[in-house]
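Take a look at the letters that make up each chain.
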Amino acid sequence: MISRVLPPDEWPRLAGTLLEGVWPSLPSEARVLSVEQDGHILGCVALLPIWHLDGVWIDPAHRQKAAVGRALLVQTKQAVAEVG
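Residues numbered from 1 in each chain as written. Predicted model: local features only at pLDDT ≥ 70, side-chain atom pairs only at ≥ 80, totals over all residues. Heavy atoms only, no water.

Points about the sheet that holds strand β1 (residues 2-6)
Here is step 1: Read from one edge of the open sheet, 3 strands run β1-β2-β3, paired in antiparallel fashion. Sheet topology places β1 and β3 (40-47) at the edges, where each strand pairs with a single neighbour. Here the average twist between neighbouring strands, direction ignored, is 25 degrees.
Here is step 2: Judged from the 5 bridges that link them, β1 and strand β2 (residues 31-37) form a sheet pairing that is antiparallel. (Pairing = 2+ DSSP bridges. Helix = DSSP H or I, 4+ residues; strand = E, 2+ residues; numbered from the N terminus. Axes fitted to C-alpha atoms, helices over the stretch in contact; angles between N-to-C directions.)

Following this line, the structure appears as structure tokens:
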């Protein structure tokens, strides 16, 4: 039994696992970890970077005004486009 990082050119071998429908969409930065025996995948997991918004906050005095929220939304859309 061996544990290793499965290289992207071997990701199609994930057919029949829970990653079967996911691997085509994995970013290049992802790592697929596998446990194998005699060329058969016994277990696998994908480790991937995910961009996540957290701590969205607007000063209570400005929550009823659209300017701050709109400015945050515009800036967020730009940042998302930049990181893909």
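Considerations on the side chain of glutamate 36
Here is step 1: Tracing the backbone through its elements, the reader meets glutamate 36 in strand β2.
Here is step 2: Of note is the side chain of glutamate 36, whose polar atom sits 3.4 Å from the side chain of arginine 13. (Polar contact = N/O pair within 3.5 Å; in protein donor to acceptor, adjacent residues only side chain to side chain.)

Side note on helix α1 (residues 66-83)
Here is step 1: Look at α1: 26 Å from first C-alpha to last across 18 residues, which is about the 26 Å you get at 1.5 Å a residue.
Here is step 2: One or two steps after α1, the chain reaches glycine 84, where phi turns positive at roughly 80 degrees. (Expected span 1.5 Å × (residues − 1).)

Concerning the environment of leucine 6
Here is step 1: Inspection of the secondary structure puts leucine 6 in strand β1.
Here is step 2: According to the relative accessible area criterion, leucine 6 is buried, its value standing at 1%.
Here is step 3: Taking the C-alpha atoms as reference, leucine 6 lies 7.4 Å from arginine 31; in sequence the two are 25 residues apart.
Here is step 4: Dropping the residues within four chain positions of it, leucine 6 is found in contact with Trp11, Arg13, Leu14, Val32, Ser34, Glu36 and Ile41. (Buried < 20%, exposed > 50% of the residue type's maximum accessible area, 1.4 Å probe, protein only. Contact = heavy atoms within 4.5 Å.)

So, the environment of histidine 52
Here is step 1: Summarising the element assignment, histidine 52 is placed in the loop between β3 and α1.
Here is step 2: Using a relative accessible area of 61% as the deciding quantity, one classes histidine 52 as exposed.
Here is step 3: Sequence separation between histidine 52 and valine 68 is 16 residues; the distance between their C-alpha atoms is 20 Å.

Digging into the pairing of β3
Here is step 1: Two strands pair when backbone bridges link them, and β2 and β3 are joined in this way by 7 bridges, in the antiparallel orientation. Within the sheet, the bridge partner assigned to leucine 33 lies in β3 and is valine 45.
Here is step 2: Between β2 and β3, which pair antiparallel and follow one another directly, the connecting turn spans 2 residues, one of which, aspartate 38, has a positive phi of 50 degrees.

Comments concerning the pattern of salt bridges
Here is step 1: All told, the structure shown has 4 salt bridges when counted by the stated rule.
Here is step 2: A salt bridge links arginine 4 to glutamate 10; its shortest N-O distance comes to 2.5 Å.
Here is step 3: Among the salt bridges present, the one from arginine 4 reaches glutamate 36, with a minimum N-O distance of 2.9 Å. Of this pair, arginine 4 sits in strand β1 while glutamate 36 sits in strand β2, and the two are 32 residues apart along the sequence.
Here is step 4: When its relative accessible area of 28% is taken as the criterion, arginine 4 is described as partly exposed.
Here is step 5: Classification of glutamate 36 as buried rests on a relative accessible area of 5%.
Here is step 6: One network of salt bridges, with partners in common, ties together Arg4, Glu10, Arg13 and Glu36. (Salt bridge = Lys/Arg side-chain N within 4 Å of Asp/Glu carboxyl O.)

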